[in-house]
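Summary of structural features
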Amino acid sequence: MLGRFLLALAGASLLWLAVGPAYAWGLAAVARAAAPVTAHAPGMRYEVVGSRVHVVRPLGPATDRPPRELVYIVWAASSNFGLPLLAALVVATPGWSWGARARALGWGLGLLTLTQVASLFVTFEFWQQMPVPEAPGGLLYLPGHSALGLRLVTPIFYFFEIMGRGFFALFIYFASLVALGGSGRPASEEQGSRGLARRRRR
Amino acid sequence: MTDVAERRRREWRFCLVFALLGVASFAVLYTAGDPVVRALNRHIAWSTALVLGGLGISAGALGAVVSAGGFAVEIKNNCNAIYEFGLYAAAVGAYPTSLRAKAAGLVVGGGVLYAVNLARVVSLMVLGLYARDWFEVSHLYVWQAVFFATVVACWFGWVLRLRPRA
């Protein structure tokens, strides 16, 4: 299984490099649609640069020339390897039919995409709450900032940023193993387990 | 049929406990782990300089910064593998087996993750020195994928060793 997993991970990672820009475009479209609810100040815009989603936030009045803008990276394909990881795990799992793999990929990547959307919103909120350093040694607090808001969103941001990269992919994979029948069980037990699930649905 | 239902119940419990332990390990590392994380970062910088020295590359470490030949990197949270170890520990902790087996899994897996992480930092330093163009690609893409693969391989390797006796 390990050899197949490594091969699948290499393939999925290369595919992720190719698909990243389109995925970023899709996430940016979702973020733009939600902007009236998530943005604390008018004038922000989402831009897709390669396989990254940027938020451009005006800092001063619109009449400023040149306009003062702040750019955050709120999502990058290079920092989100959960999707190729999950795809590789599903492809490498022994004992699954291709139909089961397709179901696991469909559900898994769909759910993982929801966590990516959540991650993007959390990152967006974190940067809205974070004060901006201003010379000399000052801090600029942007509209919507609150000390409590920053304190609440910071650990959630770091969870998504650091732990979330692998956590969600593994959790969804483990759940898929349980839902579809894990690898390594005797075939008769697998069939019995799936039959039981079907009977329950009826 | 009851056995299958019982087994599925245990499997779902594993998923739930994994999720809870994953969040808990993050919470512990995030809130109370700072002195440990800083010490670990300094240790990794020192070890990297030592390995580079062994490879014939003159290198030094100052705090969490390791430098060689005009190229330097700072070991930060994402470079010390401690959160990846937390993730691995959550998966080991959630698996229904004896405490002794879990302790063995944590020690061996932790050692592997430490060694792979050291190899990651050393290789990135070498790339930074001799092939700077490949540094970012390797840092962001290659090693991230390899590290996830290592965490997963460690866990599956541990589980597969347990299963014949389970």
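Further up the page is the structure itself.
Residues numbered from 1 in each chain as written. Chains lettered and ligands numbered in written order. Predicted model: local features only at pLDDT ≥ 70, side-chain atom pairs only at ≥ 80, totals over all residues.

1. Observations concerning the overall build of chain A
Stated precisely, the cut-off is as follows: Numbering of helices and strands runs from the N terminus, with a helix taken as a DSSP run of H or I at least four residues long and a strand as a DSSP run of E at least two residues long. To sort residues by exposure, count the other C-beta atoms lying within 10 Å of each residue's C-beta; 20 or more gives buried, 12 or fewer gives exposed, and values between give partly exposed, all with C-beta atoms placed from the backbone. Here the contact rule is simple: place C-beta atoms from the backbone, and any two residues whose C-beta atoms are within 7 Å are in contact.
Within chain A, the regular secondary structure consists of 5 helices and 5 strands. For chain A, the succession of helices and strands along the chain, N to C, is α-β-β-β-α-α-β-β-α-α. Within the span of chain A, comprising 202 residues, buried residues form 34% of the whole. Intrachain contacts of chain A at a sequence separation of at least 6 include 65% that bridge at least 24 residues.

2. A word on the overall build of chain B
Broken down by element type, chain B carries 5 helices and 3 strands. Considered along the principal axes of its C-alpha atoms, chain B spans approximately 65 × 30 × 25 Å. By residue count, 33% of the 166 residues in chain B fall in the buried class. Of the contacts made within chain B by residues no fewer than 6 positions apart, 65% connect residues no fewer than 24 positions apart.

3. Overview of the sheet that holds strand 1 (residues 59-62) of chain B
Residue and element names in this part refer to chain B. Going by this rule: Two strands are said to pair when DSSP picks up at least two bridges between them. Interaxial angle, 0 to 180 degrees, is taken between N-to-C directions of lines fitted to C-alpha atoms, where a helix line uses only the stretch in contact.
Strand order in the open sheet formed by 3 strands is 1-2-3, and the pairing between neighbours is antiparallel. A single partner strand is all that each edge strand has here, and the edge strands are strand 1 and strand 3 (71-74). Across the sheet, the axes of successive neighbouring strands diverge by a mean angle of 20 degrees, strand direction being ignored. In this structure, strand 1 lies alongside strand 2 (residues 65-68), joined through 4 bridges in antiparallel fashion.

4. Observations regarding the interface of chain B and chain A
Condition: Asp, Glu, Lys and Arg are counted as charged, while Ala, Val, Leu, Ile, Met, Phe, Trp, Tyr, Cys and Pro are counted as nonpolar; the rest, among them Gly, fall into the polar class.
Between chain B and chain A, the contact holds 31 residues from the first and 29 residues from the second. Among the elements of the structure, helix 1 (2-32), helix 3 (82-94) and helix 5 (135-162) of chain B are those that each provide at least two residues to the side of chain B that touches chain A. The dominant element in the side of chain B that touches chain A, judged by the number of residues it contributes, is helix 1 of chain B, at 12 residues. Looking at the side of chain B that touches chain A residue by residue, the classes come out as 22 nonpolar, 5 polar and 4 charged.

5. So, the environment of Leu114(A)
Within the secondary structure, Leu114(A) is located in helix 3 (residues 98-129). Sequence separation of Leu114(A) and Tyr158(A) is 44 residues, and the distance between their C-alpha atoms is 18 Å.

6. Description of the sheet that holds strand 3 (residues 69-76) of chain A
Residue and element names in this part refer to chain A. As summarised here, the arrangement of the 3 strands in space is 1-2-3, forming an open sheet in which the pairing is antiparallel. Unpaired on one side and paired on the other, strand 1 (45-49) and strand 3 mark the two borders of the sheet. Pairs of neighbouring strands in the sheet enclose a mean axial angle of 30 degrees, with direction left out of account. Pairing analysis gives 5 bridges linking strand 1 to strand 2 (residues 52-58), with the strands arranged antiparallel. Residue pairing across strands places Arg45 opposite Val56, the latter belonging to strand 2.

7. Focus: the packing of helix 2 (residues 34-54) of chain B against helix 4 (residues 99-130) of chain B
All names here are of chain B. We apply this condition: The scheme is simple: roughly parallel for angles under 35 degrees, roughly antiparallel for over 145, roughly perpendicular for 65 to 115, oblique for anything else. Two helices cross in a left-handed way if the nearer one is turned anticlockwise from the farther one by less than a right angle. They cross in a right-handed way if the turn is clockwise.
As a packed pair, helix 2 and helix 4 sit with axes 10 Å apart at the nearest point and diverge in direction by 60 degrees. The angle between helix 2 and helix 4 places the two elements in the oblique class. The way helix 2 lies across helix 4 gives a crossing that is right-handed. The segment helix 2 lies against helix 4, with Ile44, Ser47, Thr48, Val51 and Leu52 engaging Leu118, Val121, Val122 and Met125.

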